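Listed below are the residues making up each chain.
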Amino acid sequence: MDIQEIKKIVEEENVRYVRLQFTDMLGDIKAVEIPVEKLDDAFGNKVMFDGSSIEGFVRIKEADMYLKPDINTFLVLPFEETKFGKVARLICDVNTPDGKPFTGDPRYILKNQLEKMKELGIDELDIGFEPEFYLFKLNEKGEPSLNFSDRASYFDLTPFDGGEEIRRDITLTLQEMGFLIQTSHHEVGPGQNEITFKYADALTSCDMVQTYKQVVQVVARKHGYLATFMPKPVEGKAGNGMHTNCSLFSKEKGNLFYDEKDPMKLSLLCRKWMTGILKHCKELALLTNPSVNSYKRLVSGYEAPIYACWSDANRSSLIRIPAVRGGGTRTELRNVDPFANPYLALAGILAAGMDGILNTKDDETIAPVYDNIFELNEDEIEERGIDRLPETLFEALTIFKKSKLLKKTLGAHTFQKYAIAKEEDWKSYHNTVSNWEIKKYLGR
């Protein structure tokens, strides 16, 4: 797509407003909206915003930031239309006043890691995200409740599945926006759903998952429901994950994770990639599982992984290798949840994987685990040398702050700002007296 093509679509579709979107450090979508008459200003990188007001960006004295639209992300939004015309969006990179990329922009941080990947002779990282969400009914005031949309379970259909019509509307909206939808189904929890879309290159996939979350929430609200990506919205029910499928490709060799001669059909590079991620997974946890609530999902009994191991068959492992081989060979990282900033989480995963590729000797790769880890006792787990993921945000934060790899990956600015933001989250949570404590201790 080029600028002239965009202008032609704007005229034909009667687009009146253009939303210039970007993602802040915490993964929230931010935007500056302009009338279509100011589109040339946007393409000329003349649209400015106050960076000091955005989480993790800059101080007041260096507040001016400029939005640089990525023209390949132009979309007319079918779920937003005013009486005057339609609304479109462009995803933007963030620049400093001198025209250079802002080093704290999550999209830039991922781009930077992708460039380092290409220096290794790897042309592309393909990613397939699988974000799950719950549907809760809104009350008569439009406020969210904890009343599920249904009491159905895995793959149930109408009349048990109360979210089928909403999922279908979400799917059709996404398809209208160019998404290639693969599956749509009810998940294991009551009111829990999953819609998967085709993998793409890393940057495009991150852009897509941000758009996906927005569409899911907007369409659900039109039906009178709240769609939440909260990792563990209800005690005793399955949590929301965002399994992250990764494949490395080169133009010359194709899928670099596939080796026809290997008994498991997996390349040595794939094993080194997984070894790097497993060795750094505790450091990565603050990026892949960034909230207090994230660690209430990472407990035994709900298919969420808690141990650092891999397998081609075992769903209790942190990394699973799906059965497909050849061009579809991939690693599925199962601990990631939908609260993760996709750009930062993926930058960290890529850095860890590359570290494994560069610094793991051929005979040092981690072997697969076929036991159901949840059925082993702590001594048996320790005997196998299997590490455990952090159990709280505080533990993840403590490990993160010691990580040389992630400080280099995120840059000193974002590394420090991110740690400070998570420290504030933990302090706020730690100082809160919960209902559990009231019930447990008040009468003693």
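These notes cover the structure that comes with them. Just so it is clear, the model here is predicted, and its values are computed rather than measured. (Residues numbered from 1 in each chain as written. Predicted model: local features only at pLDDT ≥ 70, side-chain atom pairs only at ≥ 80, totals over all residues. Heavy atoms only, no water.)

1. Here's the deal with the packing of helix α8 (residues 342-359) against helix α11 (residues 404-430)
Closest axis-to-axis distance for the α8/α11 pair is 9 Å, and the angle between their directions is 150 degrees. It follows that α8 is roughly antiparallel to α11 by the angle criterion. When you trace α8 past α11, the crossing you get is left-handed. Only Leu405, Leu406, Thr409, Leu410, Thr414 and Tyr418 of α11 make contact with α8, whose side of the interface consists of Leu344, Ala347, Gly348, Ala351, Ala352 and Asp355. Along the lines of polarity and charge, the residues of the contact of α8 with α11 split into eight nonpolar, three polar and one charged. (Axes fitted to C-alpha atoms, helices over the stretch in contact; angles between N-to-C directions. Helix = DSSP H or I, 4+ residues; strand = E, 2+ residues; numbered from the N terminus. Parallel < 35°, antiparallel > 145°, perpendicular 65-115°, else oblique. Left-handed = near helix turned anticlockwise from the far one by under 90°. Contact = heavy atoms within 4.5 Å. Nonpolar A, V, L, I, M, F, W, Y, C, P; charged D, E, K, R; others polar.)

2. Concerning empty space enclosed by the protein
This structure, assessed with the given rule, holds two cavities of 30 Å³ or more. At the level of secondary structure, the elements contributing two or more residues to the lining of the largest cavity comprise β1 (15-23), β6 (86-95), α3 (106-118) and α5 (202-222). Of the residues that constitute the lining of the largest cavity, the class distribution is six nonpolar, four polar and four charged. Roughly 30 Å³ of volume is contained in the second largest cavity. (1 Å grid on protein atoms, 1.4 Å probe; cavity = no way out; pocket = protein on both sides within 12 Å on 5 of 7 lines; lining within 4 Å. Points joined across faces, edges and corners; volume = space filled by probe spheres on them.)

3. Some words on helix α4 (residues 164-176)
Residues separated by three or four positions in an α-helix point in the same direction, a consequence of the helix having 3.6 residues per turn. A rise of 1.5 Å per residue sets the reference length of α4, with its 13 residues, at 18 Å; its end C-alpha atoms lie 18 Å apart and thus fit the reference within 8%. The complete set of buried residues in α4 reads Ile166, Arg167, Ile170, Thr171, Thr173 and Leu174. Viewed end-on, α4 has its buried residues packed into an arc of 165 degrees, placing them on one side of the element. Of the exposed residues in α4, the ones pointing more than 90 degrees away from its buried face are Glu165 and Glu176. Along its buried surface, α4 packs onto β5 (75-81), β7 (124-138), β9 (181-186), β10 (192-197), α5 and β12 (225-228). Among the residues trailing α4, Gly178 stands out with phi positive, at a value near 100 degrees. (Expected span 1.5 Å × (residues − 1). Buried < 20%, exposed > 50% of the residue type's maximum accessible area, 1.4 Å probe, protein only. Arc of directions from axis to C-beta.)

Function cannot be read off these values alone, since they describe shape.
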